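Geometric and topological summary
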Amino acid sequence: MSDIQYFVRGAFKVKFTVTLAFMLFWVGSAFANLENHSGENVLNNTTAVSEENHEGHVTSAHESADHANTEHAESKYDPGKMIMEHIGDAHDWHLWGEGSEAVSIPLPVILYTESKGLTLFSSSNFHHGHEPYEGFKLDHEGHVVWEDEANTEAIYDISISKNVAAMMVATLFLTLVVVSMSRHYTSRQGKAPKGFYNLIEPLILFIRDDVAKPSIGAKTNKFMPLLLTIFFFIFVNNLFGLIPIFPGGANVTGNIAVTMVLALVVFITVTFSGNKYYWKHIFMPDVPVWMYIIIIPIEILGVFLKPFVLMLRLFANITAGHIIILGFFSLIFIFGGMSTGLGFAVSPLSVAFTVFMSLLELLVAFLQAFVFTLLSAIYIGMATEEHHHAEEHH
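Criteria and thresholds
Residues numbered from 1 in each chain as written. Predicted model: local features only at pLDDT ≥ 70, side-chain atom pairs only at ≥ 80, totals over all residues. Heavy atoms only, no water. Helix = DSSP H or I, 4+ residues; strand = E, 2+ residues; numbered from the N terminus. Contact = heavy atoms within 4.5 Å. Patch = residues over 30% accessible without salt bridge, like charges linked within 9 Å, V, L, I, M, F, W, Y side chains within 5 Å. Areas by Shrake-Rupley, 256 points an atom, 1.4 Å probe, with all protein chains shown as cover. Salt bridge = Lys/Arg side-chain N within 4 Å of Asp/Glu carboxyl O. Buried < 20%, exposed > 50% of the residue type's maximum accessible area, 1.4 Å probe, protein only. Polar contact = N/O pair within 3.5 Å; in protein donor to acceptor, adjacent residues only side chain to side chain. pLDDT = per-residue confidence, 0-100. Axes fitted to C-alpha atoms, helices over the stretch in contact; angles between N-to-C directions. Parallel < 35°, antiparallel > 145°, perpendicular 65-115°, else oblique. Nonpolar A, V, L, I, M, F, W, Y, C, P; charged D, E, K, R; others polar. Phe/Tyr/Trp six-rings, centres within 6.5 Å; stacked < 30°, edge-to-face > 60°.

1. Observations regarding the environment of arginine 313
In this fold, arginine 313 is placed in helix α11 (residues 292–338). In this structure the C-alpha to C-alpha distance between arginine 313 and glutamine 368, which are 55 residues apart in sequence, comes to 8.5 Å. Sequence-distant contacts of arginine 313, defined by excluding residues within four places in its chain, comprise Gln368, Val371 and Leu375.

2. Brief notes about a nonpolar patch on the surface
Together, Ile256, Leu301, Leu305, Phe308, Val309 and Leu312 give the surface a local cluster of nonpolar side chains, amounting to about 480 Å² of exposed area. For the nonpolar patch, the element with the most residues is α11, which contributes 5 residues. Position of valine 309 among the secondary structure elements: in helix α11.

3. What about the environment of proline 132?
With respect to the helices and strands, the residue proline 132 is situated in the loop between β4 (117–122) and β5 (136–138). A residue is classified by how much of its surface remains accessible, and proline 132, at 38% relative accessible area, is partly exposed. Sequence separation of proline 132 and valine 144 is 12 residues, and the distance between their C-alpha atoms is 9.7 Å. If near-sequence neighbours (up to four positions away) are discounted, proline 132 is found in contact with Asn125, Lys137 and Glu147.

4. Digging into the side chain of serine 376
Here serine 376 shows up in helix α12 (residues 340–384). On the basis of relative accessible area, serine 376 is assigned to the buried category, the value being 0%. Of the polar contacts made by the side chain of serine 376, one reaches the backbone oxygen of phenylalanine 372; its length is 2.7 Å. Those residues in contact with serine 376 that sit more than four places away from it in its chain are Leu227, Ile230, Val266 and Leu310.

5. Observations regarding the pattern of salt bridges
All chains considered together, the criterion is met by 2 salt bridges. Glutamate 149 serves as the salt-bridge partner of lysine 137, at 3.3 Å between the closest nitrogen and oxygen. Note that lysine 137 is positioned in strand β5 and glutamate 149 in the loop between β6 (144–146) and β7 (156–157), a separation of 12 residues in sequence. Relative accessible area serves as the criterion here: at 24%, lysine 137 is assigned to the partly exposed category. Given the relative accessible area of 60%, glutamate 149 is considered exposed. Across the pair aspartate 209 and arginine 208 runs a salt bridge whose closest N-O atoms are separated by 2.7 Å. Exposure remark for arginine 208: the relative accessible area of 12% places this residue in the buried category.

6. A few points about the confidence of the model for the chain
In low-pLDDT segments, the atomic positions of the prediction should not be examined closely. Of all residues in the chain, 71% have pLDDT values of 70 or greater, and the mean over the chain is 76. Low confidence marks residues 11–74, where pLDDT is under 50. Its contacts with residues over four positions away, or in another chain, come to 50 contacts. Confidence drops under pLDDT 50 across residues 389–394; counting only partners more than four residues distant or on other chains, this segment forms 0 contacts.

7. Observations regarding the packing of helix α8 (residues 220–241) against helix α9 (residues 256–273)
Each pair of packed helices can be described by the angle between their axes along with the distance between the axes. Contact geometry for α8 and α9: axes closest at 12 Å, N-to-C directions at 170°. The pairing of α8 with α9 is recorded here as roughly antiparallel in orientation. Contacts between α8 and α9 involve Phe223, Leu226, Ile230, Phe233 and Ile234 on the former and, on the latter, Val258, Leu262, Val265, Val266, Thr269 and Ser273. When grouped by side-chain class, the residues that make up the contact of α8 with α9 number 9 nonpolar, 2 polar and no charged.

8. Brief notes about the packing of aromatic side chains
In total, this model carries 16 aromatic pairs according to the counting rule given. Considering the side-chain rings of phenylalanine 231 and phenylalanine 232, the 5.1 Å spacing of their centres and the 85° angle between planes classify their relative orientation as edge-to-face. As far as burial versus exposure is concerned, phenylalanine 231 and phenylalanine 232 are alike and both buried. On the numbers, 5.9 Å between centres and 85° between planes, the contact of phenylalanine 231 with phenylalanine 366 is edge-to-face. Residue phenylalanine 231 is located in helix α8, and its partner phenylalanine 366 is located in helix α12; the two are separated by 135 residues in the primary sequence. Here phenylalanine 366 falls in the partly exposed class, since its relative accessible area comes to 22%.

Right, here's the structure in full:
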């Protein structure tokens, strides 16, 4: 069996790790989406009615002015809102259109509350956030909240959101690639791969020879399936995120819950793979005993900071790239709102910058997957490195 075939089959066997990571993210999202709303009703209906009876014509004039201002505010382009909607998660997969005329793919909404138990329905019942359903509604940030704002009961949201659906699509795509590649190598024993597989093989060899071996050493083969899974999961989701139409457009690795679970998988792997020399270095470092009170807390803090840095680096870089691209694209509508001619004048420059940043994001999609995998390999190598000083003393 060739090395490539071995690693491909090993990556397929690591599906348990992928499933565990997915379940951790899904359960973690329940806590991330925990809504505990409390507040006071700031509208005093009695006073409002009294004022309307006392100054009817003035109130009517104010309402007309407020309505006009509201319509003007709604018609005005808001780049910040557009950007946050595109990089954020959602309960449906938006295709095209805006407001009540928007066309989207509805996704399952799964909620748990103490009073209602488990509630399951389609997100289409919200009518793009314009109508409540079963006592729930979507707030301006797209979170499921109680229709009755006075209700402070917690809502556990474990819905199949856009990011979760996008991960399912990416996982299905990777499974098809891995299975077909394994069959391709089985049918062509001793021969060079063809077509698409000829592109995948250099990536696998790159992870093995330039990432895993220099960092882990003799135990490279043991951790290659995990490293390949991490690399291709991040890489494929990054590429899908650059596709503006379905099944792309989801900001999966720009969701801190996803990067948190990936970092947690690395943390668990390092923790349970660490040998006695690794833990001895943390709790009994080779320094004078009186320095333990300083060094040991720093070492323990470093154990938790490493996955924390992994989480933040991937989240921040991917999110920043999407914001920059959408920001350049928004310039067309910002200047167009000021002047139609100015909008047409700035559009070629804005499109050029957007195309340039999109091409740069292709590079970033690979680099972020590479950096995350490299750091994971380094952390694993540090935990499994054998101590050679004992052999030198013999």
